[in-house]
Amino acid sequence: MNSVEDALAQRKLLESWVPFLELACQEVFEIMLGSKLDPPDASVLPSFNVTAMVGLAGQLCGVLTLRCSSASANLMASRMLGVELEQADQHMWDALGEVCNMIAGNFKNKLTGMGDRCMLSVPTVVTGEDYTLHALTDGGPLERPFSFAGLPIMISLEIHS
Amino acid sequence: MNKVRALIVDDSSVMRKIVERSLRQAGIDLSEVREAGNGAEGLSSLTDSGVDLILCDINMPVMDGIEFLRQLQTVQNAKGVPVVMITTEGSESHVVQALSIGARGYIRKPFTADQVKEHVIPLLEQKK
């Protein structure tokens, strides 16, 4: 196969994983936060200043990111812990990293046979808006936007062939 | 059920609080909850006195949950204490490895309070 065909085949494979990625996200939010994820609201302009990342290594190699606003991260911590927003503030980075970690783990466990052949890194959380993430993967990311309690969030999966 | 002393080992403070809440929701009367951010801290917390139940993550910095389980076997205060792994690493090999070196249960994240109850209550009842 030439490189164009390789790239197309990889893209097709990546897109076939969309239902698993969406289900993995939905399950984590429903079980751990008691919240449903909705389709993105086109009238709300996304503004992301927090990014959680979990690396995947082994047969599946790449990075899964969860981007959102600090207001979303605070709300996630609040719902996970069952406390008021003011009390959840100090836990928002930890909560966001853990949500990203659970999505990554839940996703790879849904791919047949991948559980044993793919390892996860511990999560990393970056704050700020003015940066570019170079995941050193080939091909563009698989991005799934959602609305969490009316706030936009973005899940991205970038895979190295 | 008697009062239970629990050790929760996870690098996420949010997850430690969720696990504690799940134990309380399961009706477990916790007299003491010790928290540790990695396996090494977990082992240190057992130096002076033991606990009745340990819940442990696998992917952690400094010392992961598998190494914690290995070293736990030599800790006098941990003899006979049931250990339940709670982790995103849900692969078959991780489960087999953890169970082969002393874990008594395995819960995959995301988890519900009912799942914690199903795994933990029988272990505490056996221990009585």
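To start, this report covers the structure provided alongside it. (Residues numbered from 1 in each chain as written. Chains lettered and ligands numbered in written order. Predicted model: local features only at pLDDT ≥ 70, side-chain atom pairs only at ≥ 80, totals over all residues.)

Regarding the nonpolar core
All names here are of chain A. Quick reminder of the rule: By definition, a nonpolar core groups buried Ala, Val, Leu, Ile, Met, Phe, Trp, Tyr and Cys residues that connect through C-beta atoms lying within 7 Å of each other. Residues are called buried when their C-beta atom has 20 or more other C-beta atoms within 10 Å, exposed when it has 12 or fewer, and partly exposed otherwise; all C-beta atoms are positioned from the backbone. A run of H or I in DSSP becomes a helix once it reaches four residues, and a run of E becomes a strand once it reaches two; helices and strands are each numbered from the N terminus. This entry defines residue contacts through backbone-placed C-beta atoms, with two residues in contact when those atoms are within 7 Å.
With 71 residues, the main nonpolar core has Leu-96, Cys-100 and Ile-103 as its most contacted residues. With ten residues, the single largest contributor to this core is helix α5 (residues 92–110). In contact with Cys-100, other than residues within four places in its own chain, are Ala-52, Met-53, Val-54, Leu-64, Leu-66 and Pro-123.

Section: the environment of Val-95 of chain B
Inspection of the secondary structure assignment puts Val-95 of chain B in helix α4 (residues 92–100). Residue classification places Val-95 of chain B among the partly exposed residues on the basis of 18 C-beta atoms within 10 Å.

Digging into the packing of helix α2 (residues 18–33) of chain A against α5 of chain A
All names here are of chain A. Threshold: Axis lines are fitted to C-alpha atoms, over the contacting stretch for helices. Their N-to-C directions set the angle, which ranges from 0 to 180 degrees. Small angles under 35 degrees read as roughly parallel and large ones over 145 as roughly antiparallel, with 65 to 115 read as roughly perpendicular and the rest as oblique. Each crossing gets its handedness from the near helix: less than a right angle anticlockwise from the far helix is left-handed, clockwise is right-handed. Under the grouping applied here, Gly and all other residues not named as nonpolar or charged are polar, the nonpolar ones being Ala, Val, Leu, Ile, Met, Phe, Trp, Tyr, Cys and Pro and the charged ones Asp, Glu, Lys and Arg.
Running from amino to carboxyl end, α2 crosses α5 at an angle of 135 degrees, the nearest separation of the two axes being 8 Å. Between α2 and α5, the angle is such that the two are oblique. Taken as a pair, α2 and α5 cross one another with a handedness that is right-handed. Contacts from Phe-20, Leu-21, Leu-23, Ala-24, Cys-25, Glu-27, Val-28 and Met-32 of α2 reach α5 at Val-99, Met-102, Ile-103, Asn-106, Phe-107 and Lys-110. Tallied by class, residues from the contact of α2 with α5 come to eleven nonpolar, one polar and two charged.

Here's the deal with the packing of helix α1 (residues 13–25) of chain B against helix α5 (residues 113–127) of chain B
Residue and element names in this part refer to chain B. Two numbers describe how α1 lies on α5: the axes approach to 8 Å, and their chain directions differ by 70 degrees. Considering the angle they form, α1 stands roughly perpendicular to α5. At the point where α1 passes α5, the crossing takes the right-handed sense. Contacts between α1 and α5 involve Ser-22, Leu-23 and Gln-25 from the former and Ala-113, Val-116 and Val-120 from the latter. When the residues that make up the contact of α1 with α5 are grouped by side-chain class, the tally is four nonpolar, two polar and no charged.

Brief notes about the pairing of strand β6 (residues 142–148) of chain A
For a regular strand, the rule is simple: side chains alternate between the two faces of the sheet. Residues and elements named next belong to chain A. To keep it simple, the criterion reads: By this definition, two strands are paired if DSSP reports at least two bridges between them.
In the sheet, strand β1 (residues 37–38) pairs with β6 via two bridges, with the strands oriented antiparallel. Along β6, the bridge assignment pairs Asp-38 with Ser-147. Both β6 and strand β7 (residues 151–160) contribute to a ladder of seven bridges, which runs antiparallel. If you follow Arg-144 over to β7, its bridge partner there is Ile-155. Counted between consecutive antiparallel strands, the loop separating β6 from β7 contains two residues, among which Ala-149 sits at a positive phi close to 55 degrees.

Some points on the sheet that holds strand β1 (residues 4–9) of chain B
Residue and element names in this part refer to chain B. The strand order across the open sheet formed by five strands is β2-β1-β3-β4-β5, and the pairing between neighbours is parallel. For this open sheet the edge positions go to β2 (30–36) and β5 (105–108), each flanked by a neighbour on one side alone. Along the sheet, successive strands turn relative to each other by an average axial angle of 20 degrees, direction set aside. Bridge count between strand β4 (residues 83–87) and β5: four bridges; the pairing is parallel. Paired with Val-84 across the strands is Gly-105, a residue of β5. Contacting β1, β3 (53–56), β4 and β5, α5 runs over the sheet at an angle of about 170 degrees to β5.

Some thoughts on the interface of chain B and chain A
Facing the 18 residues of chain B at the interface are 21 residues of chain A. Those elements giving two or more residues to the side of chain B that touches chain A turn out to be α1 and α4 of chain B. Of all the elements, α1 of chain B adds the most residues to the side of chain B that touches chain A, at five residues. When grouped by side-chain class, the residues that make up the side of chain B that touches chain A number five nonpolar, eight polar and five charged.

Quick notes on α5 of chain A
Short version of the rule: Each residue after the first adds 1.5 Å to the expected span of a helix.
Over its 19 residues, α5 of chain A extends 27 Å from the first C-alpha to the last, a length consistent with the 27 Å expected when each residue adds 1.5 Å. Judged by how many residues are buried, α5 of chain A sits mostly within the fold: 17 of 19 residues are covered.

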